[in-house]
Amino acid sequence: MNRPRLLVSALLVLGTVPVVLIAWAATATDDDPALVFAPSSFAPLEDTIDAALEAEGIDAVDWVFAGSQSLVAQVADGAPVDVLITADRVSFEAAIAAGFDGAGGRLTIATNHLVLAVAPGNPGEVGALADLGDPDRLIGLCAVEVPCGRLAADALDSVGVGVVPSVDTRETSVRALTTKIASGELDAGLIYRSDAIAAVLEVVDESALAHVITVYQIAWAADPAHLGFAGFLTTPTFEQILLDAGFGS
């Protein structure tokens, strides 16, 4: 199966909706690495997964990381994806509806839950979910188009009843939001547990959000150029990588 080779990937933000722009050339062959679309929350795992693939003699892959909604948009535009991972079922089903050939196999591979992460040293003295409503603090959430944004909205509607967040920014990926918290641009925000661990961020009031969970889905094409990576995602090695990174099973 010949497919275009990924040449360039970039992330643009148009208003509040991110668009991943990808350029392809029509000269690729079956020897090209598998093209894997994965959510931003998987980006901190790239080096660890690549090292594990090499150790197990599995071909390397080409990664594209972005908010799940951006990945779905690229699927709809005809991106030649071999393996698709999304951070929630809504995005996964949208990608299938947009034309992704997920007939090769579909799995639930992990869970993640939200945490209230604070800037280094906790300068905003954030101690509980209720503090998200304080207009004197700098608060960030993911945009509602993004899985972590949808999950945050669900959390505030249920766990955080009565909390109306004073939101200073809504980011287009959990990775972007995590970066702003880690740099001190924000006092606090709702991000995934795995991202907080990767950025070595303090979390507060964790028990309040422990059951606010999202489910990661994976699918691969019926006749992908490479099956090795898809098979790796079902191994104990990959499961341990996720657990070590703060994901749930």
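Look a little higher up for the structure.
Everything in this summary refers to the structure shown in the same document. (Residues numbered from 1 in each chain as written. Predicted model: local features only at pLDDT ≥ 70, side-chain atom pairs only at ≥ 80, totals over all residues. Heavy atoms only, no water.)

## A closer look at the pairing of strand β6 (residues 105–118)
Part 1: Of all the 14 residues making up β6, 11 are buried; the element is thus mostly covered by neighbouring parts of the structure.
Part 2: Sheet topology note: the β6/strand β11 (residues 213–220) ladder contains eight bridges and is antiparallel. Residue pairing for β11: H113 is matched across the bridge by I213.
Part 3: In this sheet, strand β9 (residues 188–192) lies alongside β6 in antiparallel orientation, the contact comprising five bridges. Residue pairing for β9: V115 is matched across the bridge by I191.
Part 4: Where β6 and strand β10 (residues 202–204) come together, three bridges link them in antiparallel fashion. (Buried < 20%, exposed > 50% of the residue type's maximum accessible area, 1.4 Å probe, protein only. Helix = DSSP H or I, 4+ residues; strand = E, 2+ residues; numbered from the N terminus. Pairing = 2+ DSSP bridges.)

## Points about the pattern of salt bridges
Part 1: Applying the stated criterion across every chain yields a total of five salt bridges.
Part 2: Between R137 and D131 there is a salt bridge, with its nearest N and O atoms 3.6 Å apart.
Part 3: Owing to a relative accessible area of 14%, R137 belongs among the buried residues under this scheme.
Part 4: The exposure class assigned to D131 is buried, which follows from its relative accessible area of 19%.
Part 5: Notably, a salt bridge pairs K180 with E171, separated by 2.9 Å at the nearest N-O pair.
Part 6: For K180, a relative accessible area of 24% gives the class partly exposed.
Part 7: Each of D131, D134 and R137 takes part in salt bridges that share partners, so that together they form one network. (Salt bridge = Lys/Arg side-chain N within 4 Å of Asp/Glu carboxyl O.)

Any link to function would need more than the numbers given here.
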